[in-house]
Amino acid sequence: MSLIFPYLFLGHLFGDYVLQISYIAANKSKNLKVLGLHTVLVFFSQVLFIVGKNFSIKSLTMIGLLSGIHFLIDLLKFLCKKKFCNTWYYYLFDQSLHVLSLLFISSQLTYLKPFLPRTLAVLLSVMIFNGYFVSILVHLITSSGKYQRDYIGYALRMIAPIVYLLNPLFLIIYALFCLIPVFKFNKRGFKFNILNYITTIVSTIILMEVML
C-alpha cells in the first residue's frame, strides 16, 4: 500500500461525505453547477490532507487531475437516468472507480511527506468510512426510502477503529457490546442492525490492517 494512499483516501472521504451537505447530495446528480461545487470541495479536501514536505506545483497538478477524474466518475451518475444507477451495486462500482483513481494518483506522489501523522490519517479515514460509507451502503441494500443522516449510528461505527488502534483485542469487547441486542432503537432515530454490525467489524479490521 502506497504511503500516500491513506491521505488521498481521507481527502476523498472527507470531501465526498463530510463536506457533502444535504443540498449537494440532493442536487449534484441534477445540476452541473452543484456537481462542480462538489468537485471543488473534494479538491481542497485532498490538498488539505497531503500538504507537507516536498509539496509542489506538481503535487497540486496531480490533485487537480484526481479531482477531474472524480468529476468524470460523478458525471457518469449525473448522465445515468436508469434505476440501476441508484442501487447499492452501482454505489460499490462508483466508489471502486474512485479508489482505483486514488491508487493511481498515490503512485505518482510517493515523494510527498504530509504533515499529518500517517496513523492519524488512517484512523480518520476508517472512522469516516465506517460512519458514512457503511451507513449509505446498508441503507441502499435494506431500504427504498429517502436516506437520512444517522449521527448516533455514525458515532457507534466511528468508535470501532479507535478501539482497534488501542488494542485489537478490545474490538472483541466492542463487538460483544454491539450485540446487545444488535441494536435497532427506532425511538432514538438510529439503526445498528446486523448488516451494519458485520460491515463495521469487517471494514475496520481490513482497512486498519491494510493501511497501517
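For the structure itself, consult the block above.
None of the values given here were measured: they were computed from a predicted structure.

Looking now at the pattern of salt bridges. For the coordinates displayed, the defined rule picks out two salt bridges. Linking Lys-28 and Asp-16 is a salt bridge whose minimum nitrogen-to-oxygen distance equals 3.9 Å. Of this pair, Lys-28 sits in the loop between helix 2 (22–27) and helix 3 (32–50) while Asp-16 sits in helix 1 (residues 5–18), placing them twelve residues apart in sequence. The exposure classification of Lys-28 matches that of Asp-16, with both residues buried. Here Asp-74 makes a salt bridge to Lys-28, at a shortest N to O gap of 3.7 Å. On the criterion of sequence distance, the pair formed by Asp-74 in helix 4 (residues 57–79) and Lys-28 in the loop between helix 2 and helix 3 is long-range, its members being 46 residues apart. The pair formed by Asp-74 and Lys-28 is uniform in burial state, with each residue classed as buried.

A few words on the packing of helix 3 against helix 4. Interaxial distance between helix 3 and helix 4 falls to 9 Å at its minimum, and their mutual angle equals 145°. Where helix 3 crosses over helix 4, the two elements pack in a sense that is right-handed. Here Leu-32, Leu-35, Gly-36, His-38, Thr-39, Val-42, Phe-43, Gln-46, Val-47 and Ile-50 of helix 3 lie close against helix 4, whose contacting residues are Leu-60, Ile-63, Gly-64, Leu-66, Ser-67, His-70, Phe-71, Asp-74, Leu-75 and Phe-78. Its residues assigned to classes, the contact of helix 3 with helix 4 comprises twelve nonpolar, seven polar and one charged.

The next point concerns the environment of Asn-167. Considering the arrangement of structural elements, one finds Asn-167 in the loop between helix 7 (151–166) and helix 8 (170–177). Residues Asn-167 and Ile-63, spaced 104 residues apart in sequence, show a C-alpha to C-alpha distance of 34 Å.

Thresholds applied
Residues numbered from 1 in each chain as written. Predicted model: local features only at pLDDT ≥ 70, side-chain atom pairs only at ≥ 80, totals over all residues. Heavy atoms only, no water. Salt bridge = Lys/Arg side-chain N within 4 Å of Asp/Glu carboxyl O. Helix = DSSP H or I, 4+ residues; strand = E, 2+ residues; numbered from the N terminus. Buried < 20%, exposed > 50% of the residue type's maximum accessible area, 1.4 Å probe, protein only. Axes fitted to C-alpha atoms, helices over the stretch in contact; angles between N-to-C directions. Left-handed = near helix turned anticlockwise from the far one by under 90°. Contact = heavy atoms within 4.5 Å. Nonpolar A, V, L, I, M, F, W, Y, C, P; charged D, E, K, R; others polar.

Keep in mind that these numbers describe shape and distance, not what the molecule does.
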